[in-house]
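# Working through the structure, step by step
Residue-level listing of the chains:
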Amino acid sequence: MHMQIQPILAALKHHKLATVLIAMEIALACAVLCNACLLITNRLSAMHINSGVDESSLGFIALQGFDPAAARDLDARVAAGLAGIPGVESVHLINSVPFGMQAGAFGITLDQAGKQFRGVPEIYLGDPGTPQALGLKLVAGRMPEAGDYQPIAQGYLPASSNVLVTRALAGHLWPGENPLGKQFWTGENQFRVIGVVAHLAVPQYDEEGERGAEWTVFVPALPPASLLAGTFLIRAHPQDLDRVMVAAKAAIARIAPDAVLDHEWSDTLPALRTKFFRTDRAMAGLLVGVIVALLGVTAFGIVGLASFWVAQRRKQIGIRRALGATRADILRYFQTENFLIVTFGIVAGVVMAIGINLVLMKFFEVPRLPLWYLPVGVVALWLLGQLAVLAPALRAAAVPPVVATRSV
Amino acid sequence: MFAYYLDLAIRSLKRNKLLTVLMVLAIAIGIGASMTTLTVMHLLSGDPLPGKSAQLFYAQVDGDPTAHGGTHREPPDMMDYRSALDLWRAQRAGRQALIADSPVKVSAPGADRPPLMLTMLSTTAAFFPMFDVPFEYGNAWTPADEANRARVAVISSDLNDKLFDGRNSVGKTLRVRQSDVRIVGVLKPWRPSPVFYNVVGGRFANGDTADYYGKSEDVFLPFFTGLEINDGHFQQFNCWGQPPQPGHLENAPCDWVGFWVELDSPAEVASYRTFLDSYAQQQKTLGRIVYAETRLRDLMGWLDYNLVIPKNVKLQTWLAFAFLAICLFNMVGLLLAKFLRRAGEIGVRRALGASRRAVFAQCLTEAGLVGLIGGAAGWLLTLVGLWLVRRQQTPYSDLVHMDVSMFVVTFVLAVVVSLLAGALPALRASRIAPALQLKTL
């Protein structure tokens, strides 16, 4: 490429306004493009959160409208009825599941006096065997045994319980220390850590809250209890799960005519996950649409201006051709010119991209723009510019030398 | 003169169809994107009770008896039962409403359909006139009903359609949990946006506030009747200790009751503020509470405090306007190309006596015309955009539509944007020297 950049720059000086406009358009496109891509990956990565449970084998049934006083009888009837459905491996009472309804957020402290507040984790309550049914993966300590499942005399939780915590919560509460045997409190209720699980997501995952996505505690408990009534975890083989859930929902009307099935939350975990991320998916789709439209409009702008330039310089092109410039020379001239203008735009665009990112970080809690986004965006815009200018440049290259001899 | 400019503009636009189409497309896409999001913003950020919102106030008192750090802490979004009842019984405002939401099982005796799980609002009689709630049949219950814990209810038009096929059901019986209540009123379709009287906890929602724009409750019961019938099913906003009987919150250490007052003049507002402060101070002195902080926000102030506009909608609006800016730049470039290409023609007009101002006006007319056409196309794209929003399953989907004001804004925005875009190229075109152009011919 032995193109002379100097004469191109000199020519651009005569079209300062147009040059600045294209450069500005590229700059804005670059800034919006980088940040829109960031928002998309942000959403997509949120959608791939590890819930820590065997989602494909699990379903959740929520009942409402029954009398709390009759909960014990209802739970026993429903559990037995659901367990009788062919393909059901186990039925457990649980207060909620990942991607299910929010059911047990409690503020916790590291001391009994309630001074050392450490946040509001989500507390899962389940009856004997629930951690195994969920498929929780233990990384330290032990699973709750029969003796760890305590009755709930008053309020929402057992007075004192041996609990499982996630690695994430343990790291938050006792950084760098062995969490096994450590204690924490919520009001009068005391918890002692007997095991640490790899992952267990909160029901209503929120990537931006003060609460971590995996600040969760599993409390072994015995029904009846206000949080442990009318909500069931069903485990089945992944191939049977959909069929089992349809049968389970149909069976409720027969087993528990005194209760109302909560259609919103009664579903398989894969379906609950899909529902949970519906708006994120819609937003990601919208952003992709914006990016496509943005690149389209930018390309149209370049095509329009470049066409105008070619038309304006027909005579000069003719003269250059008459003086011996090849078609390739003319093509390369316009492509180099576009490359230079786009580069000006990109320089400004990178600065703007970082600026917009800072604003988004402040108002929308978006993470910092990873630096590798910038070169990717830059290359994308260079390619876009070259593609957009190709048609007008080819038209320029097609100008015959004889144009030089015509008057206009 | 304008007709002549318009004629010239149409001729010019016809001459270079590609450039014209590109410009119209740029404007249309930019307007379509920004008006779609702007319309959604407009619908979500509007005053849900225009003309009255400035008289409605939400009171906050912090009933927490435990101290945990910080002297200036915001009172919680709801009140404990005792504080709310004290304020209500004091009757210091013209109208006042207690509110508490709870899920409840409802059926119509004799109807074949299975019971429904609905949300019930337990409130006081003044709720309906305070919030301009429209009645189709019957009326609200009376304060006497309230005091007697009468078994009466007001139902939504939706529920009336479902259970009674939309007929006048006043006097009919409704089974709410295990109790029979007599319907005394049926509402007209009522769709406040957001369900403003029930907005709480926005600061903790991280912008995920679409649920505020859902539908209002289907069953309204006198406050104490509701508490009695649905005992054990109430949900706390926050507790500082565990309630001994979950769902029964009357004497629980929990915040769960909302309290609205209607105050008609600044003097009434000031005196209510004083009353609220002195109440909190008195309770603090008595040792029942620790923080004497109170708040009395008007309706719009309360919505602002709760950051009701969903974060996604705000972000989309920003994106759309960044997009419109790019379209604007694009159009400036294209118009510049177009006008300067006609340098010869403009030179001739100038040489024949057209003033700079005339050339400028003519160029702007052309830009405005592009804007008008782009606006029409943009309006169609906005309708498509709104249709897409309606297809999303958000709680506010059914609210999304284009109203007259937004229709006007679409065209105004399109024309203004095009005139802005046209100004610079038109200025450049009007500066073309007549002599220079004539020479090259």
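Note that the structure is predicted; figures quoted are calculated from it, not measured.

### Quick notes on the overall build of chain A
If you tally the helices and strands in chain A, you get eleven helices and twelve strands. Projected onto the principal axes, the alpha-carbon positions of chain A cover approximately 100 × 50 × 30 Å. Total accessible area on chain A stands at roughly 17400 Å², and carbon and sulfur atoms take up 62% of it. Charge separation in chain A, taken as the distance between the mean sites of 32 positive and 29 negative side-chain charges, equals 19 Å.

### What about the interface of chain B and chain A?
In this complex, chain B contributes 43 residues to the contact, which on the side of chain A involves 49 residues. Among the residues of chain B in contact with chain A, Gln242, Ile326 and Phe329 of chain B are the three that bury the most area, contributing 16% of the side total. Here chain B and chain A share one salt bridge between them. For Arg177 of chain B, the salt bridge identified is with Asp67 of chain A, shortest N-O distance 3.6 Å. At the level of secondary structure, the elements contributing two or more residues to the side of chain B that touches chain A comprise helix H2 (17–45), strand S2 (95–107), helix H10 (311–341) and helix H13 (404–430) of chain B.

### Quick look at the packing of helix H8 (residues 278–312) of chain A against helix H11 (residues 373–397) of chain A
Residues and elements named next belong to chain A. Two elements in contact, H8 and H11, have axes whose closest approach is 9 Å; the angle formed by their N-to-C orientations is 30 degrees. By the angle class used here, H8 and H11 are roughly parallel. The crossing of H8 and H11 is right-handed. Together, Leu295, Thr298, Ala299, Ile302, Val303, Ala306, Ser307 and Val310 of H8 and Leu381, Leu384, Gly385, Ala388, Val389, Pro392, Arg395 and Ala396 of H11 make up the contact between the two elements. Looking at the contact of H8 with H11, its residues break down into twelve nonpolar, three polar and one charged.

### A word on the state of the cysteines
Residues and elements named next belong to chain A. Taken as a whole and judged by the stated rule, the model has one disulfide over all chains. Cys30 carries a free sulfur, and the closest cysteine sulfur to it, the one in Cys34, is 4.4 Å from it. Since its relative accessible area comes to 0%, Cys30 is described here as buried. The exposure class of Cys34 is buried, given its relative accessible area of 3%.

### Some details on the environment of Pro75 of chain B
Residue and element names in this part refer to chain B. Residue position: Pro75 is located in the loop between strand S1 (56–61) and helix H3 (81–90). Judged by relative accessible area, Pro75 falls into the buried class, the value being 0%. Along the chain, Pro75 and Gly63 lie twelve residues apart, while their C-alpha atoms are 8.3 Å from each other. Ignoring sequence-local partners within four residues, the contact set of Pro75 consists of Gln60, Val61, Asp62, Arg203, Glu293, Thr294 and Arg295.

### A look at the side chain of Ser179 of chain B
Locating Ser179 of chain B in the fold gives a position in strand S7 (residues 179–187). With residues up to four places along the chain from it excluded, the contact list for Ser179 of chain B reads Arg151, Leu174 and Ile229 of chain B.

### Description of a nonpolar patch on the surface
Judged by side-chain polarity, Val404, Phe407, Val408, Val412, Val416 and Leu420 of chain B come together as a nonpolar surface patch covering roughly 540 Å² of accessible area. For Phe407 of chain B, a relative accessible area of 33% translates into the label partly exposed.

### Description of the packing of aromatic side chains
Residue and element names in this part refer to chain B. A complete count under the given rule lists 36 aromatic pairs over all chains for this structure. With centroids separated by 5.3 Å and ring planes inclined at 90 degrees, the aromatic side chains of Phe223 and Phe224 adopt a geometry described as edge-to-face. Neither residue differs from the other here; Phe223 and Phe224 are each classed as buried. Taken together, a centroid distance of 5.2 Å and an interplanar angle of 85 degrees make the contact between Trp379 and Phe407 edge-to-face. One end of the pair, Trp379, is in helix H12 (residues 356–391); the other, Phe407, is in helix H13, with 28 residues separating them in the sequence. Arg297 extends its terminal NZ or CZ atom over the ring of Tyr305, reaching a point 3.6 Å from the ring centre.

### Considerations on the pairing of strand S6 (residues 173–176) of chain B
All names here are of chain B. Burial of S6 is one-sided: the residues Leu174 and Val176 facing one way are buried, the residues Thr173 and Arg175 facing the other way are not. Note that S2 and S6 share two bridges and pair antiparallel. Bridging from a neighbouring strand, Ser107 pairs with Arg175 of S6. Where S6 and S7 come together, four bridges link them in antiparallel fashion. Bridge assignment links Val176 to a residue of S7, and that residue is Ser179. Hairpin connection from S6 to S7: two residues lie between these consecutive antiparallel strands, with Arg177 at a positive phi of about 55 degrees.

Parameters at a glance
Residues numbered from 1 in each chain as written. Chains lettered and ligands numbered in written order. Predicted model: local features only at pLDDT ≥ 70, side-chain atom pairs only at ≥ 80, totals over all residues. Heavy atoms only, no water. Helix = DSSP H or I, 4+ residues; strand = E, 2+ residues; numbered from the N terminus. Areas by Shrake-Rupley, 256 points an atom, 1.4 Å probe, with all protein chains shown as cover. Lys, Arg positive; Asp, Glu negative; His and termini not counted. Charge placed at Lys NZ, Arg CZ, Asp CG, Glu CD. Contact = heavy atoms within 4.5 Å. Buried area = accessible area lost by both parts, 1.4 Å probe. Salt bridge = Lys/Arg side-chain N within 4 Å of Asp/Glu carboxyl O. Axes fitted to C-alpha atoms, helices over the stretch in contact; angles between N-to-C directions. Parallel < 35°, antiparallel > 145°, perpendicular 65-115°, else oblique. Left-handed = near helix turned anticlockwise from the far one by under 90°. Nonpolar A, V, L, I, M, F, W, Y, C, P; charged D, E, K, R; others polar. Disulfide = S-S within 2.5 Å. Buried < 20%, exposed > 50% of the residue type's maximum accessible area, 1.4 Å probe, protein only. Patch = residues over 30% accessible without salt bridge, like charges linked within 9 Å, V, L, I, M, F, W, Y side chains within 5 Å. Phe/Tyr/Trp six-rings, centres within 6.5 Å; stacked < 30°, edge-to-face > 60°. Lys NZ or Arg CZ within 6 Å of the ring centre and 35° of its normal. Pairing = 2+ DSSP bridges.

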